[in-house]
Structures are given as C-alpha cells and as structure tokens.
Amino acid sequence: MHNALESRLPEHAESTIELAIQHANAGGLPFAALIINSQGEVIGEGVNQVAQQLDCTAHAEVQAIRNASRNTRRVALHGATLIASGEPCALCFMAIHMAGIKNVICLSNRHDAADHGFDYRWTYRHINTSLLNALNIVMLGVDRKLWPFQVARQQSLTSKKPAAPKARRSG
Ligand SMILES: [Zn+2]
C-alpha cells in the first residue's frame, strides 16, 4: 500500500463510518463505501440505495464504483482502494474485482452485519476462493464500526412508533 494512502487511512475510515451513520440517520440502509486513489484522495463514494432506486444491485460499494468511474471517466480503477463500512457481499466483491480494484478495507465483518439484522452471508456460497484470493482484503478496527447498524435499528424503531397511533385515529 502507498504511504500517501496509509497515512490518510484512519481519516478515510472515519469518513466512511460517518457517511454510513448519516445515511442510516436519514432512513437508509447502514452501508457506505469510499474509493481512494494511490495518492490518498477520495475519488468516489456511495451509500446503499437499493430501496431508494428500487435496484437490488445499488449496494454502497457498487454505487461508489459507479461514482468513481463517473468522476475519473474510467471504467478501470486500478491502483484504487475501496473502504467499506460493512464487509462487501459476494456481488460487491465481484464488482470490485471487475473494476480492477485490488485493495479492500472492511470496517466491520459479515457477522457484525448479521447480528444487526443484515444477514447476507448466504451470498458467499455463490463465490469461490479464487475471487477472494484475487483481492487484498484487510479488516481495520474502528471504534464506531457498529454505529451505522445501531442507528439503523433505532431509526426503524422510531419511524414505526409515531405511525401506529395515527393509523388507529384514522381507522
Ligand atoms: Zn453488496
């Protein structure tokens, strides 16, 4: 990994978690991703927009790849690093590989997500180790790694509560 990127990694990891928290706060699914070039600069970002776009492939990592490609006007993102607030699912690992990205940094893992109601572990049954071996996957510990999930759970609880009395009154 390049030094320029390495020195800015903690800052970018925090930004990724922050983006996921903000998105969860706004009612979105608690996943975000950033794409960083070898100079340590952000070239793309994305949040999970499956519900908003009615697109089952609009995961944060895929959205970040789309954003980085638009920003750089390149389909191939060789030399870039993707930081994901949650471990990428099988679809995203494949998309990352197709984009030519080798370095993947995960801030929480598949089991953290599953523990909070986001269980996509089944997707890994559809990939084999050759895909995962093609990538350099690093788990990076950050203090607030579970916050996006916790905010999302809180959001889903509070958004349901006010709706119930209203429905009773109108009925
Ligand atoms: Zn995914």
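Engineer: Give a description of helix H4 (residues 90-98) that names residues and reports values.
Structural biologist: An α-helical turn contains 3.6 residues, so any two residues separated by three or four positions project in the same direction. Within H4 the residues assigned to the buried category are Cys92, Phe93, Ala95 and Ile96. Buried residues of H4, viewed axially, fall in a sector of 165°; they line one side. Buried positions along H4 lie against helix H3 (60-72), strand E3 (81-84), strand E4 (103-106) and helix H6 (129-133). Gly100, located one to two residues past H4, shows a positive phi value of around 80°.

Engineer: Could you give an account of the environment of Val142, naming the residues involved and the relevant values?
Structural biologist: One can find Val142 in the loop between strand E5 (136-139) and helix H7 (147-160). Other than its neighbours up to four places away in sequence, Val142 contacts Ala13, Glu14, Ile17 and Leu107.

Engineer: Before we move on, can you summarise the pairing of E4 with the specific residues and values?
Structural biologist: Looking at chain direction, E3 and E4 are connected through four bridges and run parallel. Bridging across to E4, Ala84 finds its partner in Cys106. In terms of handedness, the path from E3 via H4 over to E4 forms a crossover that is right-handed.

Engineer: Outline the sheet that holds strand E2 (residues 42-47), supporting the account with residue identities and numerical values.
Structural biologist: The sheet built from five strands is open, its strands ordered E2-E1-E3-E4-E5 with mixed pairing. Every other strand in the sheet has two partners, leaving E2 and E5 as the edge strands with one partner each. With strand direction ignored, the average angle separating the axes of adjacent strands in the sheet is 15°. Taken together, the four bridges between strand E1 (residues 32-36) and E3 define a ladder with antiparallel strand orientation. Looking at the pairing, Ala33 lines up with Ala84 of E3. Along the sheet face, H3 touches E1, E2 and E3 and points at about 145° away from the line of E2.

Parameters at a glance
Residues numbered from 1 in each chain as written. Predicted model: local features only at pLDDT ≥ 70, side-chain atom pairs only at ≥ 80, totals over all residues. Buried ≥ 20, exposed ≤ 12 C-beta atoms within 10 Å, placed from the backbone. Helix = DSSP H or I, 4+ residues; strand = E, 2+ residues; numbered from the N terminus. Arc of directions from axis to C-beta. Contact = placed C-beta atoms within 7 Å. Pairing = 2+ DSSP bridges. Right-handed = clockwise from strand over helix to strand, strands pointing away. Axes fitted to C-alpha atoms, helices over the stretch in contact; angles between N-to-C directions.

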